[in-house]
Amino acid sequence: MTAQPVGGYETKQPRVPRTIGAISDALRGGRRAQFFAELLEAQQGPELDGVLSAWWGRAMLDTDPDRDRVHAGAEAGTLPTSTMEKIARRRERNVS
């Protein structure tokens, strides 16, 4: 008998590991210097964790393969939109 994950969970690693080096490598342009400035000022604990989490999110956006397409669509006003009511109805259908 073998153990299999339940619910189709993926074990795939994120594009950017949650390490200082990986986050730094993934950031575009001058954002890397800003990351290190905030990192060097943060105290160990929740403050440092917050800096790493915020910048990891930015690094994930910077490495998103669809980033340029989405950015262009946002500037051109051609991204698909939805209303909160449609989103709520879709969520209700998926929960039931």
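Here goes a summary of the coordinates provided. On a predicted model such as this, the values are computed, not experimentally measured, just so you know.

The rules we used
Residues numbered from 1 in each chain as written. Predicted model: local features only at pLDDT ≥ 70, side-chain atom pairs only at ≥ 80, totals over all residues. Heavy atoms only, no water. Helix = DSSP H or I, 4+ residues; strand = E, 2+ residues; numbered from the N terminus. Buried < 20%, exposed > 50% of the residue type's maximum accessible area, 1.4 Å probe, protein only. Contact = heavy atoms within 4.5 Å. Areas by Shrake-Rupley, 256 points an atom, 1.4 Å probe, with all protein chains shown as cover. Core = buried A, V, L, I, M, F, W, Y, C linked by side-chain atoms within 4.5 Å.

1. So, the overall build of the protein
Working step 1: Assigned secondary structure in the protein consists of 5 helices and 0 strands.
Working step 2: Its helices and strands taken in sequence order, the protein reads α-α-α-α-α from the N to the C terminus.
Working step 3: The buried share among the 96 residues of the protein stands at 17%.
Working step 4: Residue pairs at least 24 apart in sequence account for 53% of intrachain contacts in the protein once pairs closer than 6 positions are excluded.
Working step 5: Roughly 8000 Å² of accessible area belongs to the protein as shown, and the carbon and sulfur atoms make up 54% of that amount.

2. Considering the nonpolar core
Working step 1: One finds Val-16, Ile-23, Leu-27, Phe-35, Trp-55 and Ala-59 to be the most contacted residues of the largest nonpolar core, which totals 13 residues.
Working step 2: Within the residue set of this core, elements represented by two or more residues are α1 (20–26), α2 (31–41) and α3 (46–62).
Working step 3: At 5 residues, the largest contribution of residues to this core is made by α3.
Working step 4: Trp-55 has contacts with Ile-23, Leu-27, Arg-31, Gln-34, Phe-35 and Glu-38, leaving out every residue within four places of it along the chain.

By themselves, these observations are geometric and do not establish any function.
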